[in-house]
Amino acid sequence: MLDLSIIISTKDRKPYLETLIKSIKANSNCEYEIIVVDDASDDGTGTWCITNGIRYMRNNKSVPVATAWNQGAEIADGYYLVFLNDDMTVEKGWDTSQIILARSSPMMGTLAFKVFDDEGNVQSRGHSFQGLQPYLPDEGVVEVDYSDHPFVAKRMWKYVEGFTAHGQMYYEDADFGLKLQSRGYKNYYNPEAILRHLTVGLRVGSPEDKAKRKYNEEVLQQEAKESFFSEWETYLIAKSR
């Protein structure tokens, strides 16, 4: 069995995807596979993946991120799974440091990475909730509620029946972490496992990029937020007492 299946959902962002996969090949030390789940791209993503020996799945219509992640996990051959955005890069040791931590406890749920944005700011250390308010945890190997880019044993993904879609995107990661936590498993942040999120294109890019980000934040995120909290509000309030 492979150590790790790296699952990437993508849509029409082949240049970003190529950069990510180049970084994976340069900075990974474990035995791994890459699975790309394509959300109906028309930019040549499929041809590029197949030519480069990458496992490739294509949806002919748009599906929620949670669905794409589940599709990739279903066919994965790795003992562990990790779910990445297509506009990321990985740093040396990103994989083995998570595997070592994951093996340290039979009650391990999902692991979070230290994620930097393209300007060098810490974007994520995983997240926790105080009541209904998410916050970044302290530095160090500390318990968190969820990981934005979950690293988890495939058996745990199966145990909680995968990711739940609360909309087209957003909150599938938080929901997944809380499903594990509410069943007694522990989620942790690992500061030694580092990712970089190349988000500048959506912040200062073309008018189309800016319009897409505005729609995602104002419409899709709000819809997913309402669905997520309708399911988890009672649990989150209770555990904060």
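The structure reproduced in this document is the subject of the present report. (Residues numbered from 1 in each chain as written. Predicted model: local features only at pLDDT ≥ 70, side-chain atom pairs only at ≥ 80, totals over all residues. Heavy atoms only, no water.)

## Observations regarding the overall build of the chain
Cut-off, in case you're wondering: Runs of E in the DSSP output that reach at least two residues are strands. Runs of H or I that reach at least four are helices, and both are numbered from the N terminus. What the globule rule says is 2.2 Å times the number of residues to the power 0.38, and the radius of gyration is computed from C-alpha atoms. Only heavy atoms matter for contacts: two residues are in contact if any of them lie within 4.5 Å across the pair. Where accessible areas are quoted, they stem from the Shrake-Rupley method and a 1.4 Å probe; at the residue level, only the protein chains shown are allowed to cover. None of His or the chain ends enter the tally, which takes Lys and Arg as positive and Asp and Glu as negative. Every charge is mapped to an atom, namely NZ of Lys, CZ of Arg, CG of Asp or CD of Glu.
Within the chain one finds eight helices and 12 strands. Compactness check: the chain gives a C-alpha radius of gyration of 17 Å against a globular reference of 18 Å for 241 residues, within 12% of the reference. Counting only C-alpha atoms and orienting by the principal axes, one finds that the chain spans roughly 50 × 40 × 35 Å. For the chain, contacts bridging at least 24 residues in sequence account for 73% of all contacts bridging at least 6. Accessible surface, the chain: about 11100 Å² in total, of which carbon and sulfur atoms supply 50%. Taking the average location of the 27 positive side-chain charges in the chain and that of its 36 negative ones, the two points are 2 Å from each other.

## Points about the packing of aromatic side chains
As a reminder, the rule being used: For Phe, Tyr and Trp, rings pair up if their centres lie within 6.5 Å, where Trp contributes its six-membered ring, and each pair is then called stacked (planes under 30 degrees apart), edge-to-face (over 60) or tilted (otherwise). In this scheme, a residue with accessible area under 20% of its type's maximum is buried, one over 50% is exposed, and one in between is partly exposed, where area comes from a 1.4 Å probe on protein chains only.
By the definition in use, this model includes 16 aromatic pairs. Note on Tyr171 and Phe229: the rings are 6.1 Å apart at their centroids and 65° apart in plane angle, and the pair reads as edge-to-face. Of this pair, Tyr171 sits in the loop between helix 5 (154-159) and helix 6 (172-181) while Phe229 is found in helix 8 (residues 207-239), placing the two residues 58 residues apart along the sequence. Take Tyr171 and Phe229: they sit in the same class, and that class is buried. Taken together through their ring pairs, the aromatic side chains of Tyr79, Tyr80, Trp94, Phe113 and Phe151 make up a single cluster.

## Topic: the pairing of strand 12 (residues 186-197)
Note the threshold: By the convention used here, strands pair only if DSSP detects at least 2 bridges between them.
Looking at chain direction, strand 5 (residues 88-90) and strand 12 are connected through three bridges and run antiparallel. Opposite Met88, over in strand 12, you have His197 as the bridge partner. Where strand 6 (residues 108-117) meets strand 12, eight bridges bridge the pair, whose relative direction is parallel. Within strand 12, the position partnered with Val115 by the bridge is Leu195. Of the pairings in the sheet, the one linking strand 10 (residues 142-144) to strand 12 comprises three bridges and is antiparallel in character. Opposite Val144, over in strand 12, you have Asn187 as the bridge partner.

## What about the nonpolar core?
As a reminder, the rule being used: As used in this record, nonpolar core signifies buried Ala, Val, Leu, Ile, Met, Phe, Trp, Tyr and Cys residues forming a set joined through side-chain atoms within 4.5 Å.
With 50 residues, the main nonpolar core has Ile6, Ile8, Leu84, Trp94 and Phe151 as its most contacted residues. If we skip the residues at most four places from it in the chain, Leu84 touches Ile6, Ile7, Ile8, Ser9, Leu20, Ile24, Val90, Trp94, His149 and Leu195. Counting 10 residues, the second-largest nonpolar core is a separate cluster that includes Phe129, Ala224, Phe229 and Leu236.

## A look at the pairing of strand 3 (residues 55-59)
Bridge count between strand 2 (residues 32-39) and strand 3: five bridges; the pairing is parallel. Looking at the pairing, Asp39 lines up with Asn59 of strand 3.

## A word on the environment of Leu20
Inspection of the secondary structure assignment puts Leu20 in helix 1 (residues 14-27). By relative accessible area, which is 0% here, Leu20 ends up buried. It is 6.7 Å that separates the C-alpha atoms of Leu20 and Asp87, two residues lying 67 residues apart in sequence. Each residue touching Leu20, except ones within four places of it in the same chain, is listed here: Ile8, Leu84, Asn85, Asp86, Met88, Thr89 and Val90.

## Examining the environment of Tyr235
Locating Tyr235 in the fold gives a position in helix 8. You can call Tyr235 partly exposed: its relative accessible area is 24%. Between the C-alpha atoms of Tyr235 and Leu178, which are 57 residues apart in sequence, the distance is 9.0 Å. In contact with Tyr235, not counting residues within four places along its chain, are Leu178, Gln181 and Ser182.

## Description of the pattern of salt bridges
Quick note on the threshold: Salt bridges are defined as contacts in which a side-chain nitrogen from Lys or Arg sits within 4 Å of a carboxyl oxygen from Asp or Glu.
Per the counting criterion, the structure on display carries 12 salt bridges. One salt bridge in this structure joins Lys14 and Glu18, with 3.0 Å as the shortest N-O distance. In this pair, Lys14 and Glu18 both sit in helix 1, four residues apart, roughly one turn of the helix.

## Some points on helix 6
Of all 10 residues that make up helix 6, 10 are buried, and the element is covered over most of its length. Among the residues of helix 6, those classed as buried are Glu172, Asp173, Ala174, Asp175, Phe176, Gly177, Leu178, Lys179, Leu180 and Gln181.

Just geometry here; none of it tells us what the structure is for.
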